[in-house]
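# Residue-level structure breakdown
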Amino acid sequence: RITWKNWGLWRLQLLLLFVFVPTMTLSGGFGGVAALVALPIPGRAPFWLRQLRELPVAAWIGIAAAALLVLAATTAVSWMLQAATMRGAAMAAERGSFSVVEALKLGRQRLISLLTLSVIFGAIIGALGLLPPLIIILLGSRFEFAITLMNGAQTVLLPVNMVLGLVLLIVMMSVALEDLKPGAAFKRGWKVLSAGWWAFVFVFGIAFVLSLLGSMIVTVTALALLVPGLMLLAVSTPLGAIALVIGGLLLTPLAVFLFTFIAVFTLVLFTLAYREAARLTTATT
């Protein structure tokens, strides 16, 4: 009910998507550049690639540092939008509706707390994402060893990122819904997680299943819409290109709708789980 009757949550989530675009592009682009720089290529490499490979180590470290600053900044904005969405979901649960402007009025203390947490942990999360590609670049002359080292680092970092993501989500909710300072938010988050951990695990399971179903629907639809265009390319390039454009135009709104719904619905569930777990801790103290 909250998801379908409060389109302000959808608008906030779409804003969040636009904020994530530069983050994903930057992270993916850095990884792609790392692979190009370190990957052995038979024959003579293009001029631009030779220029990249000739950059000194200090330059790559500087590029990684600049990327880290951008990631930290986008993390701060995304956390503020997520906090506004959580507040909107809580308002909708209490009185049935809310306004986007009202949800975005986080207040001075919330802004300071979110900015502090996002700068610190946004930098940590960004560093964890940029470190493996940077390892490949710095060890480019020993490509196989760099890949092995990166795979090992990603294996170790995956559970760390998952645990860190859950902890930060609960702490962010403590700030967004209860207007707590960072230190108090960690203490409150621990109490809430201890009281309702099973509910958060349950919501994670729902989110996983919905994401899997959404991905399957989008994949099947993409095959149905885009494969004919690819087949037409072999017969007529203009017709194939037109078919691909039409398929892409039909696929894009479906994918945006599905994943926006999943994101909003999941965040509403997390917010409701937090509110009930927080109420439980208050009732037992």
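Residues numbered from 1 in each chain as written. Predicted model: local features only at pLDDT ≥ 70, side-chain atom pairs only at ≥ 80, totals over all residues. Heavy atoms only, no water.

Here we take up the overall build of the protein. On a plain count of helices and strands, the protein comes out with 9 helices and 0 strands. The secondary structure elements of the protein, listed N-terminal to C-terminal, are α-α-α-α-α-α-α-α-α. Within the protein, the fraction of its 285 residues that count as buried is 38%. For the protein, restricting intrachain contacts to residue pairs at least 6 apart in sequence, the fraction spanning at least 24 positions comes to 73%. (Helix = DSSP H or I, 4+ residues; strand = E, 2+ residues; numbered from the N terminus. Buried < 20%, exposed > 50% of the residue type's maximum accessible area, 1.4 Å probe, protein only. Contact = heavy atoms within 4.5 Å.)

For the protein, per-residue confidence averages 80 on the pLDDT scale, and 75% of positions sit at 70 or higher. Of all helices and strands in the protein, the one with the weakest mean pLDDT is helix α3 (residues 47-53) (65), whereas helix α1 (residues 2-5) scores best (91). (pLDDT = per-residue confidence, 0-100.)

Pairing of side chains with opposite charge becomes possible as their charged atoms draw close. Here the structure, examined in full by the defined rule, presents 4 salt bridges. In this structure, Arg 275 engages Glu 94 in a salt bridge whose closest nitrogen and oxygen atoms are separated by 3.8 Å. In this pair, Arg 275 sits in helix α9 (residues 237-284) while Glu 94 sits in helix α4 (residues 57-95), placing the two residues 181 residues apart along the sequence. Of the charged contacts, one joins Arg 188 and Glu 178 as a salt bridge, the two residues approaching to 3.0 Å between their closest N and O atoms. (Salt bridge = Lys/Arg side-chain N within 4 Å of Asp/Glu carboxyl O.)

Right, let's get into the nonpolar core. If you look at the biggest cluster of nonpolar residues, it comprises 46 residues, and the most contacted ones within it are Leu 9, Leu 12, Met 86, Phe 98, Phe 200 and Tyr 274. Secondary structure elements with two or more residues in this core: α2 (7-38), α4, α5 (100-104), α6 (108-138), α7 (143-178), α8 (182-233) and α9. Excluding residues that lie within four positions of it along the chain, Phe 200 makes contacts with Ile 170, Val 192, Leu 193, Phe 270, Ala 273 and Tyr 274. Core analysis: the second largest hydrophobic core is formed by 5 residues, Val 218, Leu 251, Ala 255 and Leu 258 among them. (Core = buried A, V, L, I, M, F, W, Y, C linked by side-chain atoms within 4.5 Å.)

So, about the packing of aromatic side chains. As enumerated under the stated definition, the model contains 10 aromatic pairs in all. When the centroid spacing of 5.6 Å and the interplanar angle of 15 degrees are considered together, the rings of Phe 261 and Phe 265 count as stacked. Separated by 4 residues within a single helix, Phe 261 and Phe 265 lie in helix α9, roughly one turn from each other. Taken together, the ring pairs in this structure connect Trp 4, Trp 7, Trp 10, Phe 257, Phe 261 and Phe 265 into an aromatic cluster. (Phe/Tyr/Trp six-rings, centres within 6.5 Å; stacked < 30°, edge-to-face > 60°.)

Another aspect to go through is α4. Compared with an ideal rise of 1.5 Å per residue, which puts 39 residues at 57 Å, α4 spans 57 Å between its outermost C-alpha atoms and is within 8% of the ideal. A positive backbone phi angle near 95 degrees is found at Gly 96, which sits one or two residues after α4. (Expected span 1.5 Å × (residues − 1).)

We note that Asp 179 has phi near 55 degrees; this positive angle belongs to a residue other than glycine. Following the sequence through the fold, Asp 179 ends up in the loop between α7 and α8.

We now examine the environment of Met 80. Mapped onto the elements of the fold, Met 80 is located in helix α4. A C-alpha to C-alpha distance of 6.7 Å links Met 80 and Leu 114, two positions 34 residues apart in sequence. Once you skip the residues sitting within four places of it in the chain, Met 80 turns out to touch Leu 106, Leu 111, Leu 114 and Leu 115.

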